[in-house]
Amino acid sequence: MHPTQSDCQSLPHPDLNDALQEIRATVGDFSPFACLILGSGMGALANEIQSSKVVPYREIPGFPLSHVAGHAGKCVFGYLGGVSVFALAGRAHLYEGWEPQHSCFPLRCAAAMGATSLIVSNASGGIHPRFRSGQVVAIDDHIDWMQRSPFCSRHHRETTRPLGLHDRHDALYDARWLDLATQEALQLGFSLHRGTYLATLGPTYETRAEYRMFQKWGADMVGMSTVPEIVLAKHLQMRSLAFSIVTNVAKPDSPTKTDHAEVLDWSQQAQQQLVPLIEKLLPRMQQSPL
Ligand code: HPA
């Protein structure tokens, strides 16, 4: 399914049963523990999945397709670190014209198949002065400057009772899992920084004035994804962990050019840390009580 710029609101809400029927034709009654959303250049993690079965997005009714380089557009089902996973190699972005109810539909499918946890990766611009390109940062909070909620749809309003406002006193990013990630990273020989991720709608990178403003607001990284997925996961009572790969460093006081090739290069390098980290974390996450 592809949107045009203006017709997304009028696209029908995708149907879970249609999508699950297509997926089940390949994977039977496979039930994933975790849904993995693999961001820009992070597709290599999907190659590590054992006993894998693949279903391309284009074969699943309602799955949104991405045209951004570095997003393969396939679901990979199997085992990572011995734990059952449903990996989404590639995500559709809101800046491609999708609304959150479409871009987050694969996550809804994972939850309907039994996934109770979510691991997200993305690429970001580093705003914290100590961040460097290629660094992996665990997201421990976010600023929603994208302002597109998966709950602002007529379908959500008509199917959710009671329709409440969503408060944010509960942590969106699981504190126990953040601690586990810190411990495992140390075992693997690197220190995992934490930071606040600010999401913009995109698709433009920031002006220097915007980087400066986001820094004042308390953001450590800036990117164009993840927040709708994390917000929906909470609503679906899933526990979440998110990693951001810093692919360029914001320099508010000297003009520098950011391009997507650089973003992909750095995220591919960071996979050397992130892939073993996720592989080691999954079995511990599965054993970690609430
Ligand atoms: N800004 C927004 N999104 C990004 C950036 C950035 O600097 N780098 C990678 N994704």
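Conventions we followed
Residues numbered from 1 in each chain as written. Predicted model: local features only at pLDDT ≥ 70, side-chain atom pairs only at ≥ 80, totals over all residues. Heavy atoms only, no water. Near = heavy atom within 4 Å. Polar contact = N/O pair within 3.5 Å; in protein donor to acceptor, adjacent residues only side chain to side chain. Areas by Shrake-Rupley, 256 points an atom, 1.4 Å probe, with all protein chains shown as cover. Helix = DSSP H or I, 4+ residues; strand = E, 2+ residues; numbered from the N terminus. Nonpolar A, V, L, I, M, F, W, Y, C, P; charged D, E, K, R; others polar. Axes fitted to C-alpha atoms, helices over the stretch in contact; angles between N-to-C directions. Parallel < 35°, antiparallel > 145°, perpendicular 65-115°, else oblique. Left-handed = near helix turned anticlockwise from the far one by under 90°. Contact = heavy atoms within 4.5 Å. Salt bridge = Lys/Arg side-chain N within 4 Å of Asp/Glu carboxyl O. Buried < 20%, exposed > 50% of the residue type's maximum accessible area, 1.4 Å probe, protein only. Pairing = 2+ DSSP bridges. Phe/Tyr/Trp six-rings, centres within 6.5 Å; stacked < 30°, edge-to-face > 60°.

Enquirer: Looking at this model, I keep getting lost on the site of the ligand. Mind explaining?
Expert: Around the ligand sit Ala123, Ser124, Gly125, Tyr205, Glu206, Tyr211, Val222, Gly223, Met224, Thr247, Asn248 and Val263, and that is every residue in its neighbourhood. Ala123 has a polar backbone atom sitting 3.5 Å from a nitrogen atom of the ligand. In this structure, Tyr211 approaches the ligand through a side-chain N or O atom, which is 2.8 Å from an oxygen atom. Contact with the protein chains removes 96% of the 260 Å² of surface that the ligand exposes when unbound. Residue assignment for the shell around the ligand shows that the elements contributing at least two residues are β5 (117-126), β8 (221-223) and β9 (239-249). When residues in the shell around the ligand are grouped by element, the largest group, three residues, is from β5. Split into classes, the residues belonging to the shell around the ligand amount to six nonpolar, five polar and one charged.

Enquirer: What is the right way to read the packing of helix α1 (residues 16-27) against helix α4 (residues 105-112) from this model?
Expert: Helix packing for two helices is described by the angle between their axes and how far apart those axes are. Packing of α1 against α4 leaves a shortest axis separation of 10 Å and a crossing angle of 70°. Accordingly, the angle class assigned to the pair α1 and α4 is roughly perpendicular. Handedness of the α1/α4 crossing: right-handed. Seen from α1, the contacting residues are Leu16, Ala19, Leu20 and Ile23; seen from α4, they are Phe105, Arg108, Cys109 and Ala112. The residue inventory of the contact of α1 with α4, partitioned by class, reads seven nonpolar, no polar and one charged.

Enquirer: Where do I start with the pattern of salt bridges in this structure?
Expert: Between side chains of opposite charge, a pair can form when the charged atoms approach closely. Across all of its chains, the model carries five salt bridges by this definition. Ionic pairing is found between Asp179 and Arg194, a salt bridge with its closest N-O pair at 2.9 Å. Note that Asp179 is positioned in helix α6 (residues 175-188) and Arg194 in strand β7 (residues 193-199), a separation of 15 residues in sequence. Among the ionic pairs, Glu184 bridges to Arg284, the shortest N-O distance being 2.9 Å. Here Glu184, found in helix α6, pairs with Arg284, found in helix α9 (residues 260-287); they are 100 residues apart in sequence, far enough to count as distant. Owing to a relative accessible area of 31%, Arg284 belongs among the partly exposed residues under this scheme.

Enquirer: Which parts of the structure should I look at to understand the pairing of β5?
Expert: Successive side chains on a regular strand alternate, one facing one side of the sheet and the next facing the other. Along β5, ten of the ten residues are buried, which leaves the element largely enclosed by surrounding structure. Two strands pair when backbone bridges link them, and strand β1 (residues 34-38) and β5 are joined in this way by four bridges, in the parallel orientation. The partner of Ile37 across the bridge, within β5, is Val120. Both β5 and β9 contribute to a ladder of ten bridges, which runs parallel. What sits directly across from Ala123, in β9, is Ile245. In this sheet, β8 lies alongside β5 in antiparallel orientation, the contact comprising two bridges. Residue Gly126 lies in a different strand from β8, and its bridge partner there is Met221.

Enquirer: Help me understand the packing of aromatic side chains in this model?
Expert: Any two aromatic rings considered together are summarised by their centre-to-centre distance and by the angle between their planes. Summed over the entire model, instances satisfying the criterion amount to seven aromatic pairs. Their ring planes at 80° and their centres at 5.8 Å tell us that Phe30 and Tyr79 sit as a pair that is edge-to-face. Taken together, the residues span a long stretch of sequence, with Phe30 in the loop between α1 and β1 and Tyr79 in strand β3 (residues 74-80) at a distance of 49 residues. Take Phe30: its relative accessible area is 13%, and that puts it in the buried class. The exposure class assigned to Tyr79 is partly exposed, which follows from its relative accessible area of 37%. The interplanar angle of 65° and the centroid separation of 5.3 Å between the aromatic rings of Tyr57 and Phe63 together place this pair among those described as edge-to-face. Judged by its relative accessible area of 3%, Tyr57 is buried. Assessed through its relative accessible area of 0%, Phe63 is described here as buried.

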